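Overview (structure and organization)
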Amino acid sequence: MLDPFTILLVDDFSLDVELIRAALSRCKHKPGLRVSPDGESALAYLHKQPPHASAATPDLVLLDLHLPGRDGFAVLQEIKNDPGLAHIPVIMLTSSEDDGDVERAYDLQVNGYIVKPVIARQFMESICSITEFWMKTARLPSRVGR
Amino acid sequence: MPKTLRSKNIDILLVEDNPGDVRLTREALKEGKVLNTLYVAIDGVDALEFLNKQGRYADVPRPDIILLDLNLPRKDGRELLADIKNNPDLRKIPVVILTTSKAEEDILKSYDLHANCYITKPVDLDQFLDVVKSIENFWFSIVKLPSGGQQ
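Described below are features of the structure shown in this document. Just so you know, the residues in each chain are numbered from 1, in the order the chain's sequence is written. Chains carry letters and ligands carry numbers; both start at the beginning, A for chains and 1 for ligands, and go up in the order they are written. With pLDDT at 70 or above as the cut-off, local features in this predicted model cover only qualifying residues; side-chain atom pairs require 80 or more to be listed or tallied, and sums for whole chains, interfaces and linings still use all residues. Hydrogens are left out, water is left out, and the side-chain values use all remaining heavy atoms of the structure.

1. Thoughts on the interface of chain A and chain B
Facing the 31 residues of chain A at the interface are 33 residues of chain B. Interface area for chain A against chain B, summed over the two sides, is near 2,900 Å², with a carbon-plus-sulfur share of 58%. Taken as a group, Tyr106, Gln109 and Arg139 of chain A account for 24% of the area that chain A buries against chain B, more than any other trio of residues on that side. A side-chain nitrogen of Lys or Arg and a carboxyl oxygen of Asp or Glu constitute a salt bridge if their distance falls within 4 Å. The tally of links between chain A and chain B comes to three salt bridges. Between Asp99 of chain A and Lys144 of chain B there is a salt bridge, and its shortest N-O distance comes to 3.9 Å. Contacts described as polar in this section are N or O atom pairs within 3.5 Å, which, within protein, must combine one atom able to donate a hydrogen with one able to accept it, while residues neighboring in sequence count only if both atoms come from side chains. The interface formed by chain A and chain B contains twelve residue pairs in polar contact (both at pLDDT 80 or more). Numbering of helices and strands runs from the N terminus; a helix is a DSSP stretch of H or I covering at least four residues, while a strand is a stretch of E covering at least two. Elements that contribute at least two residues to the side of chain A that touches chain B include exactly α4 (99–107), β5 (112–115) and α5 (120–137) of chain A. Note on contacts: a residue pair qualifies if any of its non-hydrogen atoms lie within 4.5 Å across the two residues. Accessible surface is computed with a 1.4 Å probe, and the buried area is the amount of it that two parts give up when combined, taken over both parts together.

Now the structure itself:
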């Protein structure tokens, strides 16, 4: 049996975190969720630093752009330049519609860039669409026994 | 008003040597909700000429997204993926691997080479059409693609 599908959400805005939690509990396919409120703690988790020594590598990372301390770009860059982490799909999930941010994220090899819909219901629907796509349509590196 | 949906036409480059799969993909995309133009390259060399606007491709647009088969004549998809993602001018273009290969090595290597996602083509016709719809829904509606940034 494979471990349950797990998403690492890196987001410090608690309302969005709660909306995503609520959305995931209503989606057809329900992944596990781990939340890191900033980039440092997300990277510590991914690198399995104490107290995360036994942490499972997430199947998918949802990464906000504006974070306290190191921002989403810095976190993305560190993941994609680390041969041990580069294969993990990272989706930027942010309120920024700025073309410069979009270009920069793709240049740093983000797997996809998604603007958070302002309307809560649409936001929650998009969360289910994201998980459905990555759980059901895409083949993930984490599911091939790495 | 937030621009959550693109009204712009989406230019897709499909790199695929199997005419049957090209035709199926074309038909499935035509039925979709998102306005798109499908360009087809039949192997990796042809695709690079398209992306670099060489020869007969002088006037083509930069694609918004690339759908890439792995097993191709002349230059295969793995090599082409590495070429695209190592090229500072092309690396921003999202590349969706769409292949019959289920080999673990291909999945891992594609993500290591920064493929944006990897999808196995179902053999079943209805399932194939569902996959194209699912690509359309995720990549053309939910995701914000880079604007193309013609330099």
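2. As for the state of the cysteines
Two cysteine sulfurs form what is called a disulfide whenever their separation falls within 2.5 Å. Counted according to the given criterion, the structure contains one disulfide over all chains. Paired through a disulfide, Cys27 of chain A and Cys128 of chain A show a sulfur-sulfur distance of 2.0 Å. Its torsion about the S-S bond being -90 degrees, the disulfide of Cys27 of chain A and Cys128 of chain A is classed as left-handed. Here Cys27 of chain A, found in the loop between α1 (14–26) and β2 (32–36), pairs with Cys128 of chain A, found in helix α5; they are 101 residues apart in sequence, far enough to count as distant. Residue exposure (1.4 Å probe, protein chains only): buried if accessible area is under 20% of the type maximum, exposed if over 50%, otherwise partly exposed. Owing to a relative accessible area of 2%, Cys27 of chain A belongs among the buried residues under this scheme. For Cys128 of chain A, a relative accessible area of 22% gives the class partly exposed. For the unlinked cysteine Cys117 of chain B, the closest cysteine sulfur is that of Cys27 of chain A, found at 19 Å. On the accessibility criterion, Cys117 of chain B (0% relative accessible area) is buried.

3. A word on the packing of aromatic side chains
Any Phe, Tyr or Trp ring, taking Trp's six-membered ring, that has another such ring centre within 6.5 Å forms a pair; planes under 30 degrees apart are called stacked, those over 60 apart edge-to-face, and the others tilted. Across all of its chains, the model carries seven aromatic pairs over all chains by this definition. Look at Phe133 of chain A and Trp134 of chain A: their rings are 5.5 Å apart centre to centre, the planes differ by 85 degrees, and that puts the pair in the edge-to-face class. What makes Phe133 of chain A buried here is its relative accessible area of 2%. By relative accessible area, Trp134 of chain A is classed as buried at 0%. A ring pair is formed by Phe133 of chain A and Trp139 of chain B, whose centres lie 6.4 Å apart and whose planes are at 85 degrees; its orientation type is edge-to-face. With Phe133 of chain A in helix α5 and Trp139 of chain B in helix α5 (residues 125–142), this pair bridges two chains. As far as burial versus exposure is concerned, Phe133 of chain A and Trp139 of chain B are alike and both buried. Sitting above the plane of the Phe73 of chain A ring, Arg104 of chain A keeps its charged end 4.1 Å from the centroid. Two conditions define a charge located above a ring, namely a distance within 6 Å from the ring centre to NZ of Lys or CZ of Arg, and an angle within 35 degrees of the ring normal.

Note that every value here comes from positions in space, so none of it alone points to a role or purpose.
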